[in-house]
Amino acid sequence: MAVIRLQEVVIDCAEPRRLVAFWAEVFGVPGVVRTDDWAYVELAATRVRIAFQQVPEVKTVKNRVHLDVEVDDIDAERDRLVGLGGAAVGSLVVDDQGPFQVMTDPEGNEFCLVA
């Protein structure tokens, strides 16, 4: 079987520069703006990119796919990301898999902070 690996996850958005700036701060990596309608952050440890592609339509419903971002301190990261333009959705949830906090980026794309 051929080698197959995930290269990137692409998020449709209105403002790639705005989102790459947010996500670069989330992960503490440089953001790369390739063109006005395409930008990305590269997560060296996983060799995966998160790319932001400009599209004309606005987000209208909940994401069908979301990112889970592992952090050491959910409360501290929630507060930091809210300060960067993200938003917390509801309160901290604890289930049999552990705690998580649903968040949105500045354009409303959902993701979770997990411990």
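Please refer to the structure placed before this passage.
Fair warning: this is a prediction, and the values are worked out from it, not measured in the lab.

(A) Structural detail: the pattern of salt bridges. Enumeration according to the criterion identifies six salt bridges in this entry. K59 is the partner of E110 in a salt bridge, and the nearest nitrogen-oxygen pair spans 3.3 Å. In this pair, E110 sits in strand β8 (residues 110–114) while K59 sits in the loop between β4 (48–54) and β5 (67–70), placing the two residues 51 residues apart along the sequence. E110 sits in the buried class, given a relative accessible area of 18%. The salt bridge partner of D79 is R78, with a shortest N-O separation of 3.4 Å. The exposure class assigned to D79 is partly exposed, which follows from its relative accessible area of 48%. A network of salt bridges, in which partner residues are shared, links D75, R78 and D79.

(B) Examining the pairing of strand β7 (residues 98–104) more closely. Pairing geometry for strand β6 (residues 87–95) and β7, over six bridges, is antiparallel. Along β7, the bridge assignment pairs A88 with M103. Counting the residues that bridge the hairpin from β6 to β7 gives two residues. Here β7 runs beside β8; their pairing, made up of five bridges, is antiparallel. Bridged to F100 within β8 is V114. Joining the antiparallel neighbours β7 and β8 is a turn of five residues, in which G108 adopts a positive phi near 90°.

(C) Focus on the packing of aromatic side chains. All chains considered together, the criterion is met by four aromatic pairs. Ring centres of W23 and F27 lie 5.9 Å apart, and the angle between their planes is 25°; this geometry places the pair in the stacked category. Here W23 and its partner F27 are both found in helix α1 (residues 16–27), four residues apart, which amounts to about one turn of the helix. The exposure class of W23 is buried, given its relative accessible area of 1%. By relative accessible area, which is 29% here, F27 ends up partly exposed. Cluster of aromatic residues (ring-pair linked, three or more members): F22, W23, F27 and F111.

Rules and cut-offs
Residues numbered from 1 in each chain as written. Predicted model: local features only at pLDDT ≥ 70, side-chain atom pairs only at ≥ 80, totals over all residues. Heavy atoms only, no water. Salt bridge = Lys/Arg side-chain N within 4 Å of Asp/Glu carboxyl O. Helix = DSSP H or I, 4+ residues; strand = E, 2+ residues; numbered from the N terminus. Buried < 20%, exposed > 50% of the residue type's maximum accessible area, 1.4 Å probe, protein only. Pairing = 2+ DSSP bridges. Phe/Tyr/Trp six-rings, centres within 6.5 Å; stacked < 30°, edge-to-face > 60°.

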